[in-house]
Amino acid sequence: MRVLSSLAGGAMIGASASLLLLFNGRVAGISGVLSGALERTPEAHWRRLFVAGLVAGGLVLRFALPSALPSPDTSLLRAIAAGLLVGFGARLGGGCTSGHGVCGIARLSVPSVVSTLTFMATGMLATGVVCHLLGAPR
Amino acid sequence: MTARDVVAAGSGLLFALGLGVAGMTNPHNVLGFLDVGGAWDPSLALVMGGAIAVHFWIARRAARGARPLLASQNALPENPVISARRLAGAAIFGVGWGVAGFCPGPALVSAASLALPPLVFVAAMIAGMRVHRRYFDDPGCSPDRLSEPSPAP
C-alpha cells in the first residue's frame, strides 16, 4: 500500500476539482467533460481546455515521473471492450469515478454515493472474473 | 485566454499530475484495488479519501448556492433521483473499469504515453459515449443541458 503518494495525489485531485468549482463553477467529472468537449456548444470551450490540460499533464508525467505511465500489457480486445463499457456506462450513469466518486460524494449527493458503491461492486466482480476466471494479467 | 480559460486548463493539468502521483495512471494499481479476491491493495481508497477531504469545503460551499468567483453561477448537476437507468449505467461503467483498470481520467492522461492500450481504450470509450448520445440520450444526463440556467417559468 502506498500511503503518502496516494494521499498526496488524492489531495492534488481534490485541489484541481476545487479550483474549477470555486473559480468557474464547473464540476471536474471527466466523462462529462470529455463528452461535452466533443459537442458544438459554448460549454465545449472550457472542457476542451481541461482535456488539453489532462493530456499535457500526461506529457509532463512522461518525462518527470515515467514510472507513472508504464506500458500496460492489456490486450487490444480487452481495451476495446473495457472502453466501450466505460464510455457508455459513464454517460448512462451520469458520471464516473471523478464526477460521482470525488465531486458528488464531496457534495454529499446521495445518488453519487449509491452510484460509486455500485460501480465499485461491479468493478470488483469484473476484475475477479477477468483476472481469476479468465486468467488475464493484473 | 481569459482567467477562466487558465483555470480550466490549469485544473486539468493539476488533475493529471495528481492521478500520476497517486499511481492511478497505472492500471495495475487500479486492478489491485478492485481485486478483493487476490492480493488486495487498498491504496485507491486513500486517493479518493484524500481528494474528497480536500474538495469537501469548496463542494459544500457550491452545493449551498455560493457563487463562483469568475462565473455568474455554478453548473451543478440537479440532484438526480436514483433511477434504474442511472444504476444500470453505474453497473456497466464498473464492469468496464474492472475489465482493464482504466477509467476516463487516467486513460486520457495515459494516452499521452502513446502506448497502444490506453489509446485504443480512449477511442473505444468515445465510441461508447457516441452510442449513448445517439440512442440513449437522457436530458437529465446531458452535461450541456445541466449547464444551462433553468428557464424562467
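This one's a predicted model, so the numbers in the text were calculated from it and none came from an experiment.

Each value, and the rule that gives it
Think of each chain on its own: its residues are numbered from 1, step by step along the sequence as written. Chain letters start at A and ligand numbers start at 1, both assigned in the order the entries are written. With pLDDT at 70 or above as the cut-off, local features in this predicted model cover only qualifying residues; side-chain atom pairs require 80 or more to be listed or tallied, and sums for whole chains, interfaces and linings still use all residues. Put simply, DSSP H or I for four residues or longer makes a helix, DSSP E for two residues or longer makes a strand, and each gets a number counted from the N terminus. Exposure classification rests on a simple neighbour count of other C-beta atoms within 10 Å of a residue's own: a residue reaching 20 or more is buried, one at 12 or fewer is exposed, and one in between is partly exposed. C-beta atoms are placed from the backbone. We call two residues in contact whenever the C-beta atoms placed from their backbones are within 7 Å. One nonpolar core equals one set of buried Ala, Val, Leu, Ile, Met, Phe, Trp, Tyr and Cys residues connected by C-beta atoms within 7 Å. Each residue after the first adds 1.5 Å to the expected span of a helix. Residues are grouped as follows: Ala, Val, Leu, Ile, Met, Phe, Trp, Tyr, Cys and Pro are nonpolar; Asp, Glu, Lys and Arg are charged; every other residue, Gly included, is polar. Bend angle per residue: angle between axes fitted to the 7 residues ending at that residue and the 7 residues starting there. As a per-residue measure, pLDDT tells how confident the predictor is, with possible values from 0 to 100. Axis angles are defined between N-to-C directions and span 0 to 180 degrees, where every axis is a line fitted to C-alpha atoms and, for a helix, only to the segment in contact. Angle categories are assigned with fixed cut-offs, so that under 35 degrees is roughly parallel, over 145 is roughly antiparallel, 65 to 115 is roughly perpendicular, and the rest are oblique. Handedness of each helix crossing follows the sense of rotation of the near helix against the far helix: counterclockwise by less than a right angle gives left-handed, clockwise gives right-handed.

Attention now goes to the overall build of chain A. Looking only at helices and strands, chain A features six helices and zero strands. Going from N to C terminus, chain A has its helices and strands arranged as α-α-α-α-α-α. By its C-alpha atoms, chain A is 45 × 40 × 35 Å across when sized along the principal axes. Looking at chain A as a whole, 61% of its 138 residues are labelled buried. Intrachain contacts of chain A at a sequence separation of at least 6 include 40% that bridge at least 24 residues.

Moving on: the nonpolar core. As a rule of thumb, nonpolar side chains are buried together in soluble globular proteins. Core analysis: the biggest nonpolar cluster contains 88 residues, and Leu85, Val86 and Val102 of chain A together with Phe93, Leu108 and Phe121 of chain B have the highest contact counts within it. If one sorts the elements of this core by residue count, helix H1 (residues 3-22) of chain B sits on top with eleven residues. Each residue touching phenylalanine 121 of chain B, except ones within four places of it in the same chain, is listed here: Ala79, Ala82 and Gly83 of chain A together with Ala100, Phe102 and Ala107 of chain B.

Another point: helix H4 (residues 76-92) of chain A. All names here are of chain A. Here H4 is 17 residues long and its end C-alpha atoms lie 24 Å apart, about the 24 Å a rise of 1.5 Å per residue gives. Taking burial as the measure, the 17 residues of H4 include 13 buried ones, the bulk of the element. Taken from the residues just after H4, glycine 94 is the one with a positive phi, measuring 70°.

With 110 residues of chain B in contact, the opposing surface of chain A contributes 104 residues. The set of elements that each furnish at least two residues to the side of chain B that touches chain A consists of H1, helix H2 (27-34), helix H3 (43-63), helix H4 (84-100), helix H5 (104-111), helix H6 (116-135) and helix H7 (143-147) of chain B. By residue number, the principal contributor to the side of chain B that touches chain A is H1 of chain B, which donates 18 residues. Looking at the side of chain B that touches chain A residue by residue, the classes come out as 72 nonpolar, 29 polar and nine charged.

Residue and element names in this part refer to chain B. Between its first and last C-alpha, H3 extends 28 Å over 21 residues, near the 30 Å set by a 1.5 Å rise per residue. Of all the bends in H3, the greatest measures close to 50° and is centred on phenylalanine 56. Positioned one or two residues after H3, glycine 65 has a phi angle of 100°, which is positive.

To continue, consider the confidence of the model for chain B. Residue and element names in this part refer to chain B. Overall, the prediction assigns chain B a mean pLDDT of 90, with 89% of residues at 70 or greater. Averaged pLDDT values for the elements of chain B fall to 49 in H7 and rise to 98 in H1. Ignoring residues within four places in sequence, the model shows residues 145-153, a span with pLDDT below 50, making six contacts including any to other chains. The ipTM, which scores confidence in the relative placement of chains, is 0.97 for this predicted complex, and the corresponding pTM is 0.93.

Two numbers describe how helix H1 (residues 3-24) of chain A lies on H1 of chain B: the axes approach to 7 Å, and their chain directions differ by 165°. By the criterion of interaxial angle, the relationship of H1 of chain A to H1 of chain B is roughly antiparallel. Seen from above, H1 of chain A lies across H1 of chain B with left-handed handedness. Across the contact of H1 of chain A with H1 of chain B, the residue classes tally to 15 nonpolar, nine polar and one charged.

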